[in-house]
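Structure at a glance
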Amino acid sequence: MDLHLLRSSPAVRFPRRRPFPTPPRRRFFAVSSIFPLSDEKAKYRKEMEAAVEVVERACSLCVDVQRSLFSDKGRILEKNDQTPVTVADFGVQALVSLELGKLFPSIPLVAEEDSSYIRAKNLVDPIVSAVCDKTSLDENSISHADVLEAIDRGVNNAFGTKPATYWILDPIDGTRGFVKGSNALYVVGLSLVVDGKIMLGVMGCPNWLVDTSYRSTNDVQGHQNSSLGLGIIMAAHVGCGTWTKRLRCMLDSSTKISSDWTRCLVDGCCLVQKARFCTPDSQPWESLPLSVFYKATINNDDIGDNEIRLVPGCCGSLCKYLMVASGRASVFILRHETAAKAWDHASGMICVHEAGGKVTDWEGSELDLAADQDKRRTIYLAAGVLVTNGNIHHEIVEMISSSSTVV
């Protein structure tokens, strides 16, 4: 797709929030299993409940497909850019599109995939099968044409300059991790944008290690025990905070585990050198501007005067937003030359914000999801994205600005 820089419009806005105090040692507290939204604040309660349910179904689809992934080589595909894409990737987009299209037919969907590859390779059958297994709709009424149309619904949009309401979906963020198998992290991300504001976001992560005592991504990704300790869904509604609970598909039916929602907050770190940093796998620390001031180490015990702690990498951007929103990391920093895809950031942005954090570009400006007025697929940036707990955000922006002048 040819992308054109269109006339800028107001950036994605959030209501002003009071800064969170330093959170207690335990960053989570349990509430009712019913999603904790007050009627006064939760204008999009119906949409939130639907988004949580469909992400739950999508994660279940991913788990089932991944379990069969390595016994069926035909389930692993590659796009032209060599990014691995699976039946789960296309299946999630079709499933979410069908479910939301039924409930909210007037709200368009902006999503990553189109059906051209699977049409050309005659790979529709396994996708239809995966969707029919998880849909709440009558599976006998879902045809191959319905699934293909549902996938393409995510790319066939033209919004123009008028304010718009639309869903943004990343079917699987972290597909490289998904096809690795094991317990590598990947995320299904869904958000709702209304008139330039992100109103809600939901992220499902089947391989997330629930025990909050684990602090590093190595712990999360290297956990090899049963699925009883894995899987969360994180959800945020503007003005209502960020919450998590266990994913249904990762719970053993014979084991009683609480399905309560728990509030989560970013960490309380106030010093850059004490912060835990996430960076993209493809961008070594030395390629990022803060490397002028600090060396990076993954050593959790001894941090030198000119070192910062680097959380070992996990695949995908949304996984790292999840790390910051949950308090397992303090900062996520990545470089983009001029643009990023909306689905790589939208659901993570509101989850971090509602957990008390902050998201901007490297110059400190809010990310503008409406600048791509026609398709709403692209975010135009000043060099990169900075995601923090809020406490150290301004200081890091200043360090990035001054890094080019440091010899």
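Every chain is numbered independently, its residues counted from 1 as its sequence is written. Given that this is a predicted model, residues contribute local features only at a pLDDT of at least 70 and side-chain atom pairs are listed and counted only at 80 or more, while totals for whole chains, interfaces and linings are drawn from all residues. Processing note: side-chain calculations cover all non-hydrogen atoms of the structure and skip hydrogens and water entirely.

**Quick look at the sheet that holds strand S18 (residues 384-388)**
Strand pairing follows a simple DSSP-based rule, namely that at least 2 bridges must link the two strands. Helix and strand definitions here come from DSSP, where helices need a minimum of 4 consecutive H or I residues and strands a minimum of 2 consecutive E residues; each element is numbered from the N-terminal end. What the 6 strands build is an open sheet, ordered S12-S13-S11-S14-S18-S16; its pairing is mixed. Looking at which strands have only one partner, the edges of the open sheet turn out to be strand S12 (295-297) and strand S16 (358-361). Put simply, the sheet's adjacent strands are angled 30° from each other on average, direction ignored. Across the face of the sheet, helix H10 (residues 393-403) comes into contact with strand S11 (276-278), strand S14 (331-335), S16 and S18 while running at roughly 150° to S18. To obtain each axis, a line is fitted to C-alpha atoms, and for helices this fit is confined to the stretch in contact; angles are then taken between N-to-C directions over 0 to 180 degrees. Contacts are assigned to residue pairs with any non-hydrogen atoms lying within 4.5 Å of each other.

**Focus: unusual backbone geometry**
A positive phi is found at Asn122, a non-glycine position, where the angle reads about 55°. Mapped onto the fold, Asn122 is located in the loop between helix H3 (116-120) and helix H4 (124-134). Overall, Asn122 belongs to the exposed group, its relative accessible area being 67%. Phi at Ala383 is positive, roughly 75°, even though this residue is not glycine. Take Ala383: it is sitting in the loop between strand S17 (378-380) and S18. Throughout this description, buried means an accessible area under 20% of the type-specific maximum (1.4 Å probe, protein chains only), exposed means over 50%, and partly exposed covers the range between.

**A closer look at the pattern of salt bridges**
We define a salt bridge as a side-chain nitrogen of Lys or Arg found within 4 Å of a carboxyl oxygen belonging to Asp or Glu. Enumeration according to the criterion identifies 8 salt bridges in this entry. One salt bridge in this structure joins Asp267 and Arg276, with 3.5 Å as the shortest N-O distance. You'll find Asp267 and Arg276 in the same group, each marked buried. Taken together, the salt bridges that share partners define one network made up of Glu53, Arg57 and Arg248.

**A look at the environment of Lys41**
Within the secondary structure, Lys41 sits in the loop between strand S1 (29-30) and helix H1 (45-69). Of the residues examined, Lys41 reaches a relative accessible area of 52% and is grouped as exposed. Along the sequence, Lys41 and Gly239 sit 198 residues apart, while their C-alpha atoms lie 6.4 Å from each other. Those residues within four positions of Lys41 in sequence are excluded, and the remaining contacts are His237, Val238, Gly239 and Cys240.

**So, the pairing of strand S9 (residues 242-246)**
Regular strands show a simple pattern: their side chains alternate between the two faces of the sheet. Where burial is concerned, most of S9 is hidden: 5 out of the 5 residues are buried. By the bridge criterion, 5 bridges tie strand S8 (residues 230-237) to S9 in an arrangement that is antiparallel. Bridging across to S9, Ile233 finds its partner in Lys245. Summarising the sheet, S9 and strand S10 (residues 262-263) pair through 2 bridges and their orientation is antiparallel. Counted as the bridge partner of Trp243 is Arg263 from S10.

**Thoughts on the packing of aromatic side chains**
A pair of aromatic rings is counted whenever rings of Phe, Tyr or Trp (Trp by its six-membered ring) have centres within 6.5 Å, and the orientation is called stacked for planes under 30 degrees apart, edge-to-face for over 60 and tilted otherwise. This model, assessed by the stated rule, comprises 5 aromatic pairs. Arranged with centres 5.0 Å apart and planes meeting at 50°, the rings of Phe159 and Tyr166 form a pair that is tilted. Aromatic side chains Phe178 and Tyr186 sit 4.8 Å apart centroid to centroid with 85° between the ring planes, which places their arrangement in the edge-to-face category. A residue is classified by how much of its surface remains accessible, and Tyr186, at 0% relative accessible area, is buried.

**Focus on the side chain of Glu47**
As for its placement among the helices and strands, Glu47 is situated in helix H1. Despite its burial, Glu47 pairs with no opposite charge, the nearest such side chain being Lys46 at 7.0 Å. Contacts of Glu47, omitting those with residues within four sequence positions, involve Phe104, Trp167, Leu192 and Leu200. For the purpose of counting charges, residues Lys and Arg are taken to be positive, whereas Asp and Glu are taken to be negative. His and the chain ends are not included.

**What to know about the packing of H4 against helix H5 (residues 144-152)**
Here H4 crosses H5 at 85°, and the two axes come no closer than 10 Å. Between H4 and H5, the angle is such that the two are roughly perpendicular. For the pair H4 and H5, the contacting residues are Val124, Asp125, Ile127 and Val128 in the first and His144, Val147 and Leu148 in the second. Residues were grouped as follows: Ala, Val, Leu, Ile, Met, Phe, Trp, Tyr, Cys and Pro as nonpolar; Asp, Glu, Lys and Arg as charged; and all remaining residues, including Gly, as polar. Split by residue class, the contact of H4 with H5 holds 5 nonpolar, 1 polar and 1 charged. Note that the term roughly parallel is reserved for angles under 35 degrees, roughly antiparallel for angles over 145, roughly perpendicular for angles of 65 to 115, and oblique for everything else.

**Quick word on the nonpolar core**
Within soluble globular proteins, side chains that are nonpolar tend to cluster in buried spots. Definition used in this section: a nonpolar core is a set of buried Ala, Val, Leu, Ile, Met, Phe, Trp, Tyr and Cys residues joined via side-chain atoms within 4.5 Å. Ranked by size, the top nonpolar core spans 110 residues in total, and within it Trp167, Ile168, Leu190, Tyr321 and Leu369 carry the most contacts. If you tally residues by element for this core, the top one is H1, at 12 residues. Judged by nonpolar contacts, the second largest core, of 19 residues, contains Phe277, Tyr294, Leu386 and Ile392.

**Things to note about the pairing of strand S6 (residues 187-194)**
S6 sits mainly inside the fold: 8 of its 8 residues count as buried. Burial along S6 is two-sided: Val187, Gly189, Ser191 and Val193 and Val188, Leu190, Leu192 and Val194, pointing in opposite directions, are all buried. Sheet analysis places strand S5 (residues 165-173) next to S6, joined by 7 bridges and oriented antiparallel. Directly across from Leu169, in S6, lies its bridge partner Leu190. In this structure, S6 lies alongside strand S7 (residues 197-209), joined through 7 bridges in antiparallel fashion. Within S7, the position partnered with Val194 by the bridge is Lys197. In this structure, the hairpin formed by S6 and S7 is closed by a connection of 2 residues, where Asp195 is found at a positive phi of approximately 50°.

**Quick look at H10**
For H10, every residue scored as buried is listed here: His393, Ile396, Val397, Met399, Ile400 and Ser403. Viewed end-on, H10 has its buried residues packed into an arc of 160°, placing them on one side of the element. Those residues of H10 that are exposed and aimed more than 90 degrees away from the buried face are His394 and Ser401. Turning to H10, the residues buried within the fold contact S11, S14, S16 and S18. This arc is built from the directions going out from the helix axis to the C-beta atoms.

Interpretation note: all reported values are geometric properties and have no functional meaning in isolation.
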